Amino acid sequence: MEGYNTMSTDSDPIWNDNRDTTDMESIWEKNRRRIDDQVEINAMLATGTATDPDVTSNETTTITVDDQAITLESDSTLLDGLTKVDTEEDVPALCSYQKDDRIGPRSTCRTCMVETDEYGLVPSCSFPAREGMDIRTDTPAASETRDVNLDLVLRGHNLLCTTCGKNGRCELQEVSIEDEVEHPRYGVVHDRDELDPIDESSPFIQIDRNKCILCNRCVEACNDVQVAGVLRMEGQAGDMRIGFQNEAETMMGSTCVSCGHCVTVCPTGALVEQDIVEEATIPLPGFTHANSVGKVIGEEYTSRPRRMSPMYTEEHTEEEPKIDEQTDSIWQYSDNE
Amino acid sequence: MQGREVLHAAREPEVSVPTIEVGSTGARALEPLVMATHEGKTAFYPQCSLMRARDLVAALDGGSLPTNGAMAVTEHDSDTATLPTPDEGVLAVGCRRVLGACGWVVPANVDDYLTSGEFLAATAASRADEWLSELRDAGLRGRGRGDGSRDTPIADTWTTIQEISRERNSDPAVVVNANESDPNAEMDRLLLESNPLAVLDAALTAARTIGATNLLVYLNGEEDLARDRVGAAAAELTNEIGADIPIEAIAGPDEYKAGEMTMAIEALEGNHRLEARLRPPFPREEGLYGRPTLIHTPRTLAQVRALFADSGDQVGHVSGPGSRLITVAGDVETPITIELSTDDTLSLVKNAVDFDGQLKAACVGGVFGGVTRTLDVPAHANALTAAGLGTNGVVELFDQTRCMLSVAGHRAAFAEEENCGRCYPCRGGSQQLASMLRDIYDGEFNAEKIRELLRVMRRSSICQFGHDAQRPVATTMNEFESEFRVHAEGRCPNDTCI
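Quick caveat, the model's predicted, so the values are computed rather than measured. (Residues numbered from 1 in each chain as written. Chains lettered and ligands numbered in written order. Predicted model: local features only at pLDDT ≥ 70, side-chain atom pairs only at ≥ 80, totals over all residues. Heavy atoms only, no water.)

Caption draft 1: View of the overall build of chain A. Along chain A, the regular secondary structure elements total nine helices and eleven strands. When each of the 337 residues of chain A is scored for burial, the buried share is 50%. Summarising the internal contacts of chain A: among those between residues at least 6 apart in sequence, 65% fall at separations of at least 24. Summed over its atoms, the accessible surface of chain A is roughly 16800 Å², and 46% of this surface lies on carbon and sulfur atoms. (Helix = DSSP H or I, 4+ residues; strand = E, 2+ residues; numbered from the N terminus. Buried < 20%, exposed > 50% of the residue type's maximum accessible area, 1.4 Å probe, protein only. Contact = heavy atoms within 4.5 Å. Areas by Shrake-Rupley, 256 points an atom, 1.4 Å probe, with all protein chains shown as cover.)

Caption draft 2: Up close: the side chain of E200 of chain A. All names here are of chain A. Inspection of the secondary structure assignment puts E200 in the loop between strand 6 (198-199) and strand 7 (205-207). Despite its burial, E200 pairs with no opposite charge, the nearest such side chain being K211 at 10 Å. Side chain to side chain, E200 and Q274 meet in a polar contact 3.0 Å long. (Lys, Arg positive; Asp, Glu negative; His and termini not counted. Salt bridge = Lys/Arg side-chain N within 4 Å of Asp/Glu carboxyl O. Polar contact = N/O pair within 3.5 Å; in protein donor to acceptor, adjacent residues only side chain to side chain.)

Caption draft 3: Quick peek at the sheet that holds strand 6 (residues 247-252) of chain B. All names here are of chain B. Read from one edge of the open sheet, four strands run 6-5-4-7, paired in parallel fashion. At either margin of the open sheet sits one strand with a lone partner, and together these are strand 6 and strand 7 (293-296). Averaged over neighbouring strand pairs, the angle between their axes works out to 20 degrees when direction is ignored. Pairing between strand 4 (residues 173-177) and strand 5 (residues 214-220): five bridges, direction parallel. Bridge pairing in strand 5 places A173 opposite N214. Of the strands in this sheet, strand 5 and strand 6 are in contact with helix 8 (residues 224-241), which crosses strand 6 at around 170 degrees. (Pairing = 2+ DSSP bridges. Axes fitted to C-alpha atoms, helices over the stretch in contact; angles between N-to-C directions.)

Caption draft 4: Here's a closer look at the sheet that holds strand 1 (residues 34-38) of chain B. Residue and element names in this part refer to chain B. With antiparallel pairing, the three strands of this open sheet are ordered in space as 1-2-3. Each edge of the open sheet is held by one strand with a lone partner, namely strand 1 and strand 3 (72-75). Going from strand to strand, the sheet's axes swing by 20 degrees on average, the running direction of each strand aside. With five bridges connecting them, strand 1 and strand 2 (residues 41-45) associate as antiparallel partners. Within strand 2, the position partnered with M35 by the bridge is F44. Contacting strand 1 and strand 2, helix 2 (residues 50-61) runs over the sheet at an angle of about 5 degrees to strand 1.

Caption draft 5: Quick peek at the interface of chain A and chain B. Residue-level contacts link 63 residues of chain A with 62 residues of chain B. The junction of chain A with chain B conceals about 5200 Å² of combined surface from both sides, 53% of it contributed by carbon and sulfur atoms. Run the count over chain A and chain B and you get five salt bridges. A salt bridge links E275 of chain B to R106 of chain A, with the shortest nitrogen-to-oxygen separation between them at 2.6 Å. Secondary structure elements with two or more residues in the side of chain A that touches chain B: helix 2 (140-155) and strand 8 (231-234) of chain A. The element best represented in the side of chain A that touches chain B is helix 2 of chain A, accounting for eight residues. Broken down by class, the residue content of the side of chain A that touches chain B amounts to 29 nonpolar, 18 polar and 16 charged. (Buried area = accessible area lost by both parts, 1.4 Å probe. Nonpolar A, V, L, I, M, F, W, Y, C, P; charged D, E, K, R; others polar.)

Caption draft 6: Layout of the environment of R279 of chain B. All names here are of chain B. Mapped onto the elements, R279 comes out in the loop between helix 9 (261-268) and strand 7. R279 sits 184 residues away from C463 along the chain, and the two C-alpha atoms are 8.2 Å apart. Each residue touching R279, except ones within four places of it in the same chain, is listed here: E260, M261, T262, I462, C463 and Q464. Looking at R279, its side chain comes within polar contact range of the side chain of E260, at 2.8 Å. A polar atom in the side chain of R279 sits 3.1 Å from the side chain of T262.

Listed below in structure tokens is the structure:
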């Protein structure tokens, strides 16, 4: 069988993580696209997400939304058209983020589906506006698809709004109210055994994956906007979750610099500033967000408040950090920055 | 590996009889298959023992063709380029238009390849327009779930890529998507193992026709023999035709989702985690590293080669000409890959396997195919789609003992485990689907709620994975809803799962 493996030396299977093979040029590097004037950042960022094509239009177009004609400039998606008019039915487009075009569209939640003559049901957040398209928000198929997908999102979400710091400022809560969801058809996560522990390691940012809807905004904010390269998507199917590019288990074990951009883009209570974790909760004595979930990781860090994670500090100090066994003085070191 | 031992045994006697190693014919049940050829006659010896192999060689050395105990003896031209197929037996089922050379020629051997005609790629540049119009006139469609033009006319794709690359001044790329991890779909691997030059010749022809500058063969990392032979064939082709378009072979993971066309591109670009890309634009517009990318399966390329080699002669159904490779599996001893003309009906597959008893149902189109009670459906894409079946070339036969809820449930569970996770209708949808099917065993069966979810998965998933994943359940419910109900009452009609 020896002979069968001869090719493996010059074509590594891709699932062998190639991020650390700096001394070895992988075969796909040879024709990696290089665009002039663009920073080559792929080498250091491993977000675990697909490189999507440009899903916006490349010319000015006029489309019709629920019988209303709208002219859209170049670089538009159908959702840009929907937001300009009063649509017949509400289109949540929950996971889209329109404040920064470097973030999204991710098109994960599919609560933005609308009906078109030519292409059938399409995701408005990530479908290029094309000249003459006729769009309806109120066909039975479009409504049903948005409703079912919203319930699928809710099924994966810990709906403990009363102990959530984002209560009242949560995009998922908002669209669920607008959509008049009373009993999500697939239920919600209510079994405490199903819950993931809360990551309390960072003094600034709390991660509660039970509330994460995998919209990927934080990963893009972290990588495409801040170019910090901390967060990534990992796992497949039901195991998919937000993780860290250095494979740490906790935020404080990652290379996070606590810039907080991920928190500002998070639509739910998955990423919240520690200061406001309890901000919007209903005051019930002895009942907190943390004990509502009941499991916490990263407590070893909580007694040592630090702006940046130790990993980041170690990597970015100019001199070698000196660790005093007795006093753990590496912590002292970063104070002198 | 048994085949290697037999070959070794045949080479033991010190005689002047040449012995060659060929690829599979597709009929695995016959293997190790030895063919003894002498003066325009060939004798077939299926499941050949080591001793028989030695005896055959000795007899041939004595100047006669041994026929004692042969499955069949056929007469043919002494320089035939294709397997001299017997008139009876499993090798006679359907046609052997693209399989013809499989099991007869030495894989990746240029002299053997040239017996069936010149390299198409050698004249591709000068005949590009002629072939493109042949392709258009024939209306040949892409085959296989991983094809960038699956079930649609491939001439449109070729033309689109030519136009876009001109507009954007961008060099197209060609990807041969051979990473088919559907548990039963053996046809792409068969082509690569038995006649890799035919696939690569057609791929290089396509590359030259559309003006591509790279040709990548995307393989399954677990299929060592296919990798080996593709590597050898690529080297030969470069040697014979020229190195103007580099041919690279890259392996991806042995996972079902990795065969989806955009995940194939993600894998080729070296992403450590695979998930589907949004579309449109499709890879033909923006694919590998943003370049317009032609993605064809080996199955499609074999059809392209057959069409061009026959100078545009059409066979099969007018709406989707050519033939279709089908692996017949399910409740059969050994799966077999055969070839049907697209105007044949699928019921021919029963002649290719030992299938005892009465057919209860069949799943057509692979793990996410459609379930049907009848195989009286033509093998062309329009007919298969109209019947709610899949086009991914697998026909699984189920006998009367099969529990159809368990057939559907296993496929829902497969979808639940294997999806990339990117979109809710697929990730969350397959979770809920599997869970609602499990609930049937607890007495809860809500057909309307399941159907609603199936519709949403089909209509709103990002890629073909989610679109197809609902099909086995949807079609099984259409045909066997009463079996589902009986389970909710606590009884399995086949006593297999409760």
